[in-house]
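Close look at the chain arrangement
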Amino acid sequence: MPVITLPDGTTKTFDSPVTVAQVAASIGAGLAKAAIAGKVNDKLVDTFYTINDDANLRIITDRDPEGLEIIRHSTAHLLAHAVKTLYPTAQVTIGPVIENGFYYDFAFSHTFTTEDLAKIEAKMQEIVEQNYQVSRKEVSRDEAIKYFRSIGEEYKVRIIEDISADEQLSIYQQGDFADLCRGPHVPSTGMLKAFKLTKVSGAYWRGDSKNEMLQRVYGTAWKDKKALEEYLKQQEEIEKRDHRKIAKNMDLFHFQDIAAGMVFWHENGWAIYQQVKQYISDRIAEDGYQQVATPQIVDLDLWRRSGHWDMFGEEMFTVESDNRQYAVKPMNCPCHVQIFNQGLRSYRDLPIRLAEFGYLHRNELSGAMHGLMRVRQMVQDDAHIFCAEDQIQEESARFIRLLIDVYKDFGFNEIIVRLATRPDKRLGTDALWDQTEGALAAALKSSGLTFEYRPGEGAFYGPKVEFHLKDSIGRTWQCGTLQLDYAMPGRLDAYYIAEDGSKKVPVMLHRAILGSLERFLGILIEHYAGKFPVWLAPVQAVIMNITDKQASYVEEISRELKKHGLRVKSDLRNEKIGFKIREHTLENVPYLLVAGDREVENRTLSVRTQDGKDLGVMPVDKYLELVKAEIQRRGRVET
RNA sequence: GCCCACAUAGCUCAGUCGGUAGAGCACUUCCUUGGUAAGGAAGAGGUCGUCAGUUCGAUUCUGAUUGUGGGCUCCA
């Protein structure tokens, strides 16, 4: 006689074991129809799951996040069902839920094209209309293996062999399609009403590039057509924020095949770039860094000694001259060690913080390039801190404080922080790793940041903290980083004289706030959708005349504003004022200044902002004051 | 590097079932001197990414190549 307790605390008593569906039906016909699954004592189950004993039960519908997830998972099965129907020799592998949708990986000799997607989607629709009941069968390991082998699904067999022996296996069946799955699933295919296959791509079996490549079909699924359409529309909006599109519109930079992965910066983009660089330059100077510059091409010998040639030789550009082999530097650190090594260092000199905006070249795989986000030539706001072991935590904490403050100036409040810990292949003792990982974790905690661990993802020489930011479509990109390095200083013979007169090897902290300036600008463009705050805007104001009569006044004021450091352009074209306003609004110029006869007479300007606000007519001095205050505020969001 | 797709005027795109291409915006000239998101007219502009092959003829078909986009892998 199970007693079912519902989320609102009410109980229902049944004479005999009941299914989730029956409980839902006992509450109401509407709920019975909407039920996707149940949550029995916090465990997600199918609607046809039988409850034998007293239990807490929540009926899951498409309004619950869990419901949406089940819909997406079931849609992945629906996709596999359709593919197997159309192409019986395709083999199924895995089909998980991802953000906004799902994918399914197939092994198949014929490659899916975009046209095939339409066909598959139509077949999925048919299966939905058939409204197949979904059923679940628990099977033993041997049964499962035997079954999938009998229908030629070798990948499923490999998957089963990898599942731990104590786990209960289950097979879900809809129509003539069966798939190994933990579940739960929607009770019938007719409940899948809003989905769309979005793209097809390759993906390695088990995510390993040594393995064969499978075909991955991506899709999105929602609770109803309206939600699907909203999502698709939102995606379109988001695409407009793409930094590559905005760059064309605002004339920021371009790429060309004569130098793939390297940026041709135009005046406007370079203005932002320089502004960002100068800002960091000022911030780190305040924080006790020395700025240095080191050679672009350096003898290969240095890279052999540092270990980079062995690890990353393939991604380095090389140059030969006078029988000597050089590498174009992929990073600054070995060069900074050379500066550290000049002269004799004392423990009193530490920490030494060497910063450089050096050009770095890395021959990234051709398929890895991605607008500004992944390039072959970049500049990092790179610095290396040489310090004693007992200074690590303080230096780490100090860096993190600086980073958070800098990010605030750019208006970033959502930072994803990851602490990557010891990898399998590593240098140093476990005790040392315990200590260094602990130091970084402590530094993060003291700054109040929440972070997640990334086990095994640290560098071979030390743990690292990664600071990620999101681009417009939600992909995360590593920007800032902080890495502890016990290896390189020793390899390159760096030492200092300790208090007791002995030679000691310093610890090296590799750190960057923005990471690659190129990538950071990409993120920044998308973050602001091109509508930069005044301090960063490539053109901060455009002054325009109404008729030719005000031309000389406009030129005069333009010169004056430039004298105060503003990036100003004048627009004296023979066009109507409405036309000019429209054009510069679309160019994301923050201030539109208009001078007609009235303004000339009173030596004023009519001030309008990019977002269409009319600030009225004001004297030039007052405008300067206003704009300077705004520049001072940078991108801080008042909280 | 791997999988799929794409590459046509400065930009956004259309088009040619194989007979050397078209729109809108931008550009140039002229008219217009107009007060806050597009005034009007005329004109100019492309050997259809590159290299091969098939063909009487290729921007269109085939192959290779380069680049780009979306993924996968990688990311010192």
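Computed from a predicted model, the values in this text were never measured in an experiment.

Conventions adopted
Residues numbered from 1 in each chain as written. Chains lettered and ligands numbered in written order. Predicted model: local features only at pLDDT ≥ 70, side-chain atom pairs only at ≥ 80, totals over all residues. Heavy atoms only, no water. Helix = DSSP H or I, 4+ residues; strand = E, 2+ residues; numbered from the N terminus. Contact = heavy atoms within 4.5 Å. Areas by Shrake-Rupley, 256 points an atom, 1.4 Å probe, with all protein chains shown as cover. Lys, Arg positive; Asp, Glu negative; His and termini not counted. Charge placed at Lys NZ, Arg CZ, Asp CG, Glu CD. Pairing = 2+ DSSP bridges. 1 Å grid on protein atoms, 1.4 Å probe; cavity = no way out; pocket = protein on both sides within 12 Å on 5 of 7 lines; lining within 4 Å. Points joined across faces, edges and corners; volume = space filled by probe spheres on them. Nonpolar A, V, L, I, M, F, W, Y, C, P; charged D, E, K, R; others polar. Axes fitted to C-alpha atoms, helices over the stretch in contact; angles between N-to-C directions. Salt bridge = Lys/Arg side-chain N within 4 Å of Asp/Glu carboxyl O. Near = heavy atom within 4 Å. Polar contact = N/O pair within 3.5 Å; in protein donor to acceptor, adjacent residues only side chain to side chain. Buried < 20%, exposed > 50% of the residue type's maximum accessible area, 1.4 Å probe, protein only. Phe/Tyr/Trp six-rings, centres within 6.5 Å; stacked < 30°, edge-to-face > 60°. Expected span 1.5 Å × (residues − 1). pLDDT = per-residue confidence, 0-100. Core = buried A, V, L, I, M, F, W, Y, C linked by side-chain atoms within 4.5 Å. Left-handed = near helix turned anticlockwise from the far one by under 90°.

The next subject is the overall build of chain A. Tallying secondary structure elements over chain A gives 20 helices and 37 strands in all. Within chain A, contacts between residues at least 6 apart in sequence are counted, and of these 68% link residues at least 24 apart. Surface summary for chain A: the accessible area is close to 31,100 Å², and the carbon and sulfur share equals 48%. Within chain A, one finds 82 positive and 93 negative side-chain charges whose respective centroids are separated by 2 Å.

Across the sheet, which stays open at both edges, the 3 strands sit in the order β22-β30-β31 with mixed pairing between neighbours. The open sheet is flanked by β22 (345-346) and β31 (503-504), the only strands paired with a single partner. With 2 bridges joining them, strand β30 (residues 496-497) and β31 adopt antiparallel strand pairing. The residue bridging Y496 from the neighbouring strand is K504, located in β31.

Throughout the structure, instances matching the rule amount to 1 cavity of 30 Å³ or more. Of the volumes computed, that of the largest cavity is approximately 60 Å³. Listed by contribution, the elements that provide at least two residues to the lining of the largest cavity are α11 (308-312) and α15 (488-491). For the lining of the largest cavity, the per-class residue count stands at 6 nonpolar, 3 polar and 2 charged.

A few words now on the sheet that holds strand β34 (residues 568-571). Sheet strands associate in pairs through backbone hydrogen bonding, adopting either a parallel or an antiparallel arrangement. Spatial strand order, β34-β33-β35-β36-β37: 5 strands in an open sheet with mixed pairing. Because the sheet does not close on itself, it has two edges, and the strands there are β34 and β37 (614-619). Mean inter-strand twist for the sheet, computed between neighbouring axes without regard to direction, equals 25 degrees. Across 4 bridges, the pairing between strand β33 (residues 541-545) and β34 is parallel. Looking across to β34, one finds that A541 is bridged to V568. Each of β33, β34, β35 (591-595) and β36 (604-609) touches helix α18 (residues 577-586); the most contacted strand, β33, lies at about 170 degrees to it.

Overall, the coordinates contain 43 salt bridges when judged by the stated rule. The shortest N-O distance in the salt bridge between E212 and R158 comes to 3.9 Å. Of this pair, E212 sits in the loop between β14 (194-204) and β15 (213-222) while R158 sits in helix α6 (residues 154-162), and the two are 54 residues apart along the sequence.

This part covers the protein's contact with RNA strand B. Close to RNA strand B lie 57 residues, the nearest being Y204, I546, N574, R582 and S606. A breakdown of the atoms of RNA strand B within 4 Å of the protein gives sugar and phosphate a share of 50%. In this structure, a phosphate oxygen belonging to RNA strand B sits 3.1 Å away from a side-chain N or O atom of R475. Within the side chain of R582, one N or O atom sits 2.5 Å away from a base nitrogen of RNA strand B. Residue contributions to the surface near RNA strand B peak at 7 residues, all from α18. When grouped by side-chain class, the residues that make up the surface near RNA strand B number 20 nonpolar, 20 polar and 17 charged.

Once that is clear, we can look at the environment of E129. Among the secondary structure elements, E129 is positioned in helix α4 (residues 114-130). Here E129 falls in the exposed class, since its relative accessible area comes to 62%. Sequence-wise, E129 and A541 are 412 residues apart; in three dimensions their C-alpha atoms are separated by 59 Å.

As a further point, take the packing of aromatic side chains. Per the counting criterion, the structure on display carries 27 aromatic pairs. Measuring from ring centre to ring centre gives 6.0 Å for F106 and F112, while their planes differ by 90 degrees; the resulting arrangement is edge-to-face. Given the relative accessible area of 6%, F112 is considered buried. Measuring from centroid to centroid gives 4.9 Å for W222 and Y231, while their planes differ by 35 degrees, and the two rings are tilted.

With that settled, consider the layout of surface pockets. Where empty space is left can be seen by rolling a probe of water-molecule size over the atoms. The computed volume of the largest pocket comes to approximately 1,200 Å³. Lining the largest pocket are 37 residues, and of these M331, R362, Q380, K464 and Q483 lie nearest its centre. When residues of the lining of the largest pocket are traced back to their parent elements, those giving at least two are α11, β25 (377-387), β29 (476-485) and β32 (507-516). A per-element tally of the lining of the largest pocket places β29 first, with 6 residues. Residues belonging to the lining of the largest pocket are distributed by class as follows: 16 nonpolar, 12 polar and 9 charged.

Residues Y155, K156, V157, I159 and I160 constitute the buried set of α6. Looking at the buried positions of α6, the neighbouring elements they touch are β8 (91-92), β10 (101-107), α5 (141-150), β12 (169-174), β13 (177-180) and β15.

To continue, consider helix α13 (residues 392-409). Under the 1.5 Å per step criterion, the end-to-end length of α13 is 26 Å for 18 residues, consistent within 8% with the ideal 26 Å. Residues of α13 that are buried include every one of I392, E395, S396, A397, F399, I400, L402, L403, I404, V406, Y407 and D409, and no others. Downstream of α13 by a residue or two, G411 has a phi angle that is positive, lying close to 80 degrees.

Glancing now at the confidence of the model for chain A. With 100% of its residues at a pLDDT of 70 or more, chain A shows a mean pLDDT of 93. The complex model carries a pTM of 0.92, and its ipTM stands at 0.94.

Grouped together as the largest cluster of nonpolar side chains are 68 residues, with contacts concentrated most on Y407, F410, F467 and L514. With 9 residues, the top contributor of residues to this core is α13. I71, A80, F106 and I127 belong to the second largest nonpolar core, which has 32 residues in total.

The contact between helix α9 (residues 267-286) and α13 brings their axes to 12 Å, and the two run at 150 degrees. The interaxial crossing formed by α9 with α13 has right-handed handedness. On the side of α9, the interface is formed by Y279, I280, R283 and I284, while α13 contributes L402, D405, V406 and D409. Each residue belonging to the contact of α9 with α13 can be placed in one class, and the counts come to 5 nonpolar, no polar and 3 charged.

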